[in-house]
Amino acid sequence: MDVSARRAFNLLKEMAYVRVSGTEEEKKAAERLLAEAKKCGIKAQIEPFTVKTGKVNKARLVVTAPYVKEYEVTGYERSLSTPEGGLDAEFYYAENLLPVHLQNCKGKIVMINGRLRRADYEKLQKAQVAAILTFSGTTLDRNSETDCDIRKLREVMTDPFGFAVALNMRAADAAEIVRRGAKTMHIEVDSECFDAQSQNVCAVIEGSKYPDEIISFGAHYDSVHFSTGVYDNMSGSVIIMELLRYFAAHQPERTLKFNWYGSEEQGLLGSKAWTQAHEEELENHVLMINVDVAGAILGKDSAVVTGEQALADYTAGLYRQAGMDVAVKQDIYSSDSIPFADNGVPGINFMRFGAPGAAFIHDRRDIIEFISGDSLAASTEKYLYFAEKVVNAVVMPTKKSIPQEIVEKVDEYLFKKDEEKKDEKKG
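Being a predicted model, the structure only gives us computed values, none of them experimental.

Quick notes on the rules
Residues numbered from 1 in each chain as written. Predicted model: local features only at pLDDT ≥ 70, side-chain atom pairs only at ≥ 80, totals over all residues. Heavy atoms only, no water. Phe/Tyr/Trp six-rings, centres within 6.5 Å; stacked < 30°, edge-to-face > 60°. Helix = DSSP H or I, 4+ residues; strand = E, 2+ residues; numbered from the N terminus. Buried < 20%, exposed > 50% of the residue type's maximum accessible area, 1.4 Å probe, protein only. Axes fitted to C-alpha atoms, helices over the stretch in contact; angles between N-to-C directions. Parallel < 35°, antiparallel > 145°, perpendicular 65-115°, else oblique. Left-handed = near helix turned anticlockwise from the far one by under 90°. Contact = heavy atoms within 4.5 Å. Nonpolar A, V, L, I, M, F, W, Y, C, P; charged D, E, K, R; others polar. Core = buried A, V, L, I, M, F, W, Y, C linked by side-chain atoms within 4.5 Å. Pairing = 2+ DSSP bridges.

A.B. asks: I'd love a proper account of the packing of aromatic side chains, names of residues and values included.
C.D. replies: The description of an aromatic ring pair rests on the distance of the ring centres and on the angle between the ring planes. For the coordinates displayed, the defined rule picks out twelve aromatic pairs. Seen from their ring centres, tyrosine 314 and phenylalanine 386 are 6.4 Å apart, and the 65° between their planes marks the pair as edge-to-face. Taken together, the residues span a long stretch of sequence, with tyrosine 314 in helix 9 (residues 309–322) and phenylalanine 386 in helix 11 (residues 373–391) at a distance of 72 residues. According to the relative accessible area criterion, tyrosine 314 is partly exposed, its value standing at 24%. Using a relative accessible area of 0% as the deciding quantity, one classes phenylalanine 386 as buried. Seen from their ring centres, phenylalanine 350 and tyrosine 383 are 4.6 Å apart, and the 20° between their planes marks the pair as stacked.

Given below as structure tokens:
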């Protein structure tokens, strides 16, 4: 059985709907991928895991002085609720959270630039703010064509630093609030926190010659709010489905694990759950191959190697030999290869980055119109070319190793250094 771009594109169109972590839609997508994998006659199953999530029943923000106006806002999932009747406080724009800003934050509704990063959240919590306000989009957005982003207080924030009241608004509204000199605000948030179930779809093909050496293929299938996520990342999911079909029909010499991860958009929760549940077998994993974003009509194919420079050189050499245009570099990539690297398994992340303005992620513009079957086919051919070489290599072309500079980047990504510093202080 050969790979089929038409089949992959049809599956992509069928699954072009919002699939947020812990929802019925995410579960529906997992069950559909499971059914497709089982058609190949191989072992496949769903492995559920628990995610911490939440629901905001109400979010409201009103500037009360020196003018009165209500603005559209969304509450952060897992935000604290305000007291009954809401919360009234001074407004303060903290720009880049310098010490001079932080000393003015206590008891105020504080707006910051950009996304709410973990380091900024720690600073704001220590400054004892009354509430956190962020903004998303651009000042040029039209309300009829965009959405007010829904964000989440992840466990990496709330576990070490506690919960907070947090809201998000549009960039244009944030600019108006500052321009008009807002002094005080009234906010209301009614929020629930609860556990939900997410799931990984897992399949295995036993190796014929080196069954104890495992190569893992992965792609996440969940999306964010408002997004059908065909580019990010149902495209990667249908590509590894085609690779599964190929190797089911052409038995590999090494054992292959295929995983479609849930809840990647919430902090790689699916791949973290999988590596934790399968920790003992990771000793036998020699490589992880991840596909995250593909199919853009205008764009470029790239590979980011989370492993030794020798693996990057080998990969680049293979593609030069074949006359295939894949740009290769050594680095980490914010996707499901990270938990594998954290467990000593090198990875290669394949992606087709859309050209500027030609593909979009994490909003309503991530739609099928910017994807093509021809583009999916070209990328699938390139990724299969690499996979077939390493899966059936007489000897693995590079050693299983993570260089120190990559280890340090992974540790920083996973905030391990911050935790180590806190442990040292406690000691």
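Next, the rest of the story.
A.B. asks: How would you sum up the packing of helix 1 (residues 5–14) against helix 11? Please name residues and give values.
C.D. replies: Relative orientation of the contacting elements helix 1 and helix 11 amounts to 120°, with a least axis distance of 9 Å. Comparing the axis directions of helix 1 and helix 11 gives the class oblique. For the element pair helix 1 and helix 11, the recorded crossing hand is right-handed. Contact residues: Ala5, Ala8, Phe9 and Leu12 in helix 1; Gly373, Leu376 and Ala377 in helix 11. Class assignment of the residues belonging to the contact of helix 1 with helix 11 gives a composition of six nonpolar, one polar and no charged.

A.B. asks: Now, about the nonpolar core: what can you tell me, with residues and values included?
C.D. replies: Of all hydrophobic cores here, the largest spans 66 residues; its most connected members are Ile215, Phe217, Leu244, Phe247, Phe258, Trp260 and Ile289. Broken down by element, the residue count for this core peaks at eleven residues, all from helix 7 (residues 230–249). Ignoring anything within four residues of it in the chain, the contact list for phenylalanine 217 reads Ile240, Leu243, Phe247, Leu256, Lys257, Phe258, Asn259, Ile289, Ala387 and Val391.

A.B. asks: Can you lay out the packing of helix 7 against helix 11 for me, pointing to particular residues and giving the numbers?
C.D. replies: Running from amino to carboxyl end, helix 7 crosses helix 11 at an angle of 50°, the nearest separation of the two axes being 10 Å. Our classification of the angle between helix 7 and helix 11 gives oblique. At the point where helix 7 passes helix 11, the crossing takes the right-handed sense. Across the interface between the two elements, Ser235, Val238, Ile239, Glu242, Leu243, Tyr246 and Phe247 of helix 7 pack against Leu376, Ser379, Thr380, Tyr383, Leu384, Ala387, Glu388 and Val391 of helix 11. Class assignment for the residues of the contact of helix 7 with helix 11 results in ten nonpolar, three polar and two charged.

A.B. asks: Explain the pairing of strand 11 (residues 285–291) to me, and be specific about the residues and the numbers.
C.D. replies: Within strand 11, seven of the seven residues are buried, leaving the element largely enclosed by the surrounding structure. Taken together, the five bridges between strand 9 (residues 210–220) and strand 11 define a ladder with parallel strand orientation. The partner of phenylalanine 217 across the bridge, within strand 11, is isoleucine 289.

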